[in-house]
Amino acid sequence: LSSSQTSTSFVLSSADSNGFTSNSVYKYFSNNEFVSSSFEDKLLQVTNPATGDVIAHVPSSLSPDEFQTVMDRAQEAFRTWRTVPPQQRQRLFLEYQRLIRQHTDELEELITLENGKTLADARGDVFRGLEVVETACQIASSHLLGDSLAGVSRNMDCISYREPLGVCAGIAPFNFPAMIPLWMFPLAIAAGNAFVLKPSEKTPGSSMKLAQLAVEAGFPPNVLQVVHGSTEMVQKICQHPYIRAISFVGSNVAGESIYQQGTLHGKRVQANLGAKNHAVVLPDAMNKQAVVQALVGAAFGAAGQRCMALSVVIFVGVDWVDDLKHAARELTVGPGWETGVDVGPLITKESKERVKNIIGQAVSEGAELILDGRDVTVEGYRNGNFIGPTILKCASTKNICYREEIFGPVLTCLHVNTLEEAIALINENPYGNGCALFTSSGSTARYFQNEVEVTQVGINTPIPVPLPMFSFTGGKASIRGDLNFYGKSGVHFYTTLKTVTSNWPEIPHSSLGGTTMPTM
Ligand code: NAD
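Keep in mind that what you see is a predicted model, and the values were worked out from it rather than measured. (Residues numbered from 1 in each chain as written. Predicted model: local features only at pLDDT ≥ 70, side-chain atom pairs only at ≥ 80, totals over all residues. Heavy atoms only, no water.)

## Considerations on the environment of N32
Structurally, the position occupied by N32 is in the loop between β3 (28–30) and β4 (33–35). Between the C-alpha atoms of N32 and N222, which are 190 residues apart in sequence, the distance is 6.5 Å. Not counting residues within four places of it along the chain, the set of residues in contact with N32 comprises V215, F219, P220, P221 and N222. A distance of 2.9 Å separates a polar atom in the side chain of N32 from the backbone oxygen of F219. (Helix = DSSP H or I, 4+ residues; strand = E, 2+ residues; numbered from the N terminus. Contact = heavy atoms within 4.5 Å. Polar contact = N/O pair within 3.5 Å; in protein donor to acceptor, adjacent residues only side chain to side chain.)

So, in structure tokens, the structure goes:
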């Protein structure tokens, strides 16, 4: 992967450079153009996590005037866009999904360059977002349809339909740079809203590419705009009176604050937050080898930086920790663009240090270090943020490796005697994002899925991310707000129900006929 391979019309290059250089600054996207922000006195670095190189900069916010212009344009665009027939709006996404397919390679490269995950994994990132775009192509005949009941009283009928809200905003995390923005703006826009997206300041590239494709697909100006920055920009979004709804995905620290600020300012907020996902392995689990591979893939893929990453395995009456260790040792750590690499780098140097410290503290609190990835070396990439697969065996749920969302390639193993104990342990955990059970018994699986309080359950599958005809949910501390991303719930989040009860008194039959001009 070379910097010259990436399209750069959305970055402002220095006079004598092409492509990403440390002088390049991302523009924001408004009026279907890429615009330089005047807010360039405070820039944030975008780094390549595999090399540590600064590849571009991003403004830490927009100036107040720039942001107000973005808001005015969004409001104006909404007035027209809401009147465009839904069939016509969804037709736009037929072209958009075609363009995403056509440009998947470029999106994939931008993701790997800025996020670090492998190219194959980045392809999955784009694909899972694309599937949501596909559902936007049929929104008029599915989730946007309303209800009606004729004759609720004499001469009275009742209909309810879904209307767009207005200007909606999305605040995205670094770990799925294409998928999560695509969870947000396609459904919002297909439903008739205008959308302002703020990608993660660590991985803005794929959002800019998606904006470029939106222009190509024929999006009218300002139904989609993209702004940049971190906390300061987010505060502006949470407070602006034109914004009716905010979609957020990210950490608990940011999400709790955005939920409070957004709702305080009268907005709808859906916020998907952190996780601690457990898998339970029973003695009757089918095909040990396949289960071990599934656990290892789910724990260490994307260097554990997935909200649905597997962070805890609970063994009930079996002990496959050694098997996990042998399988994890086979994984290759390295830059995401190299063939054969399984585990890429962590997003920042700070993340790497944080994960190393948690492993150290876990050991000092009594955990047994089964596999230690802290000192992994990747030839030619001394400045990369690499940590190899790490496995800890721990007896106490008070240990930091069990308490914290680590968000790195660290798997914690626990042992209990019964399935009931395993379920109790999962239910006591504050998070409720995903969990899994490995068994060959249908009735045991049914018992587990009924008793467990986590809302995304995998049976013999370790990362149960719901397909786009369903919704991505999450429970307890993993979520704020009650309408979920994509699927029916996603469309409901971006729309409001209007109910019309109409009374049309009967006109006497005789007054309808006749050849004489009516004289009132
Ligand atoms: P993050 O919270 O640091 O950043 C997410 C977004 O919030 C970014 O756009 C960032 O600019 C902004 N932000 C950061 N700190 C903020 C603050 N204090 N106030 C206001 N805004 C702030 O998250 P991240 O590191 O980019 O992503 C990793 C986290 O996201 C993990 O906790 C992971 O579990 C979670 N996540 C959850 C899901 C889910 O569906 N539940 C999916 C993906 C990621």
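Once you've had a look at it, read on.
## Focus: the nonpolar core
Counting residues in hydrophobic clusters, the biggest one holds 67 residues, and the most contacted among them are F93, Y96, I100, W183, F195 and F219. At 10 residues, the largest contribution of residues to this core is made by helix α5 (residues 179–190). The contacts of I100, once residues within four sequence positions are left out, are L107, V126, L130, V133, L182, L210 and L213. V313, A328, I359 and I423 belong to the second-largest nonpolar core, a separate cluster that totals 66 residues. (Core = buried A, V, L, I, M, F, W, Y, C linked by side-chain atoms within 4.5 Å. Buried < 20%, exposed > 50% of the residue type's maximum accessible area, 1.4 Å probe, protein only.)

## Side note on the packing of aromatic side chains
We describe a pair of aromatic rings using the distance from one ring centre to the other and the angle between the two ring planes. This model, assessed by the stated rule, comprises 14 aromatic pairs. Measuring from centroid to centroid gives 5.0 Å for Y96 and F219, while their planes differ by 55 degrees, and the two rings are tilted. Here the residue Y96 occupies a position in helix α2 (residues 86–102), and F219 occupies one in the loop between α6 (205–217) and β11 (224–226), the gap between them amounting to 123 residues. Judged by its relative accessible area of 0%, Y96 is buried. Ring centres 5.4 Å apart and planes at 65 degrees place the aromatic pair W183 and Y486 in the edge-to-face group. Linking W183 in helix α5 with Y486 in the loop between β23 (479–480) and α15 (487–493), this pair joins segments that are 303 residues apart in sequence. Judged by its relative accessible area of 2%, W183 falls in the buried class. Taken together, the ring pairs in this structure connect F93, Y96, F185, F195, F219, F493 and Y494 into an aromatic cluster. Above the ring of F176, the side-chain terminus of K117 is found at 4.0 Å from the ring centroid. (Phe/Tyr/Trp six-rings, centres within 6.5 Å; stacked < 30°, edge-to-face > 60°. Lys NZ or Arg CZ within 6 Å of the ring centre and 35° of its normal.)

## What about α5?
Taking 1.5 Å per residue as the helical rise, α5 with its 12 residues ought to reach 16 Å, and the 17 Å between its terminal C-alpha atoms agrees with that figure. A large share of α5 lies buried, amounting to 12 of its 12 residues. For α5, every residue scored as buried is listed here: M179, I180, P181, L182, W183, M184, F185, P186, L187, A188, I189 and A190. Remark: G192 follows α5 within two positions and exhibits a positive phi of approximately 110 degrees. (Expected span 1.5 Å × (residues − 1).)

## Regarding the sheet that holds strand β17 (residues 390–393)
Strand order in the open sheet made by the 7 strands is β16-β17-β18-β15-β14-β20-β21, with mixed pairing throughout. Taken across any chain shown, the strands that pair with only one partner, and hence form the sheet edges, are β16 (368–371) and β21 (457–459). Direction aside, the axes of adjacent strands within the sheet are offset by 20 degrees on average. By the bridge criterion, 4 bridges tie β17 to strand β18 (residues 410–416) in an arrangement that is parallel. Opposite L392, over in β18, you have T412 as the bridge partner. Against the sheet, helix α9 (residues 288–300) makes contact with β14 (277–281), β15 (310–316), β17, β18 and β20 (435–438), and its axis sits at roughly 150 degrees relative to β15, the strand it touches most. (Pairing = 2+ DSSP bridges. Axes fitted to C-alpha atoms, helices over the stretch in contact; angles between N-to-C directions.)

## Remarks on a nonpolar patch on the surface
Among the surface-exposed residues, L467, M469 and F470 lie close enough to one another that they form a single nonpolar patch of about 330 Å² accessible area. Secondary-structure assignment places F470 in the loop between β21 and β22 (475–476). (Patch = residues over 30% accessible without salt bridge, like charges linked within 9 Å, V, L, I, M, F, W, Y side chains within 5 Å. Areas by Shrake-Rupley, 256 points an atom, 1.4 Å probe, with all protein chains shown as cover. Salt bridge = Lys/Arg side-chain N within 4 Å of Asp/Glu carboxyl O.)

## Regarding the UniProt feature "domain: Aldehyde dehydrogenase" (unreviewed entry) in the protein
Using the residue numbers shown here, the UniProt feature "domain: Aldehyde dehydrogenase" (unreviewed entry) corresponds to residues 41–500. For residues 41–500, the helix share is 39%, the strand share is 21%, and the end-to-end C-alpha distance is 52 Å. (UniProt positions renumbered as here; feature names shortened; annotations may be inferred.)

## Topic: the site of the ligand
The ligand sits among 28 residues. The nearest are A172, E201, S251, L273 and E405. Note that an oxygen atom of the ligand is positioned 2.5 Å from one of the side-chain N or O atoms of S251. Here a nitrogen atom of the ligand and a backbone polar atom of L273 are 2.8 Å apart. In isolation the ligand exposes 840 Å². Once the protein is present, 88% of that is buried. Broken down by secondary-structure element, the contributors of at least two residues to the shell around the ligand are α5, α7 (231–239), β12 (243–249) and α8 (252–264). (Near = heavy atom within 4 Å.)

## Observations regarding unusual backbone geometry
In the Ramachandran plot, N287 falls in the positive-phi region, its phi being about 55 degrees despite a non-glycine side chain. Relative to the elements of secondary structure, N287 occurs in the loop between β14 and α9. Located in the positive-phi region is A302, a residue other than glycine, with phi close to 55 degrees. On the secondary structure map, A302 appears in the loop between α9 and β15.

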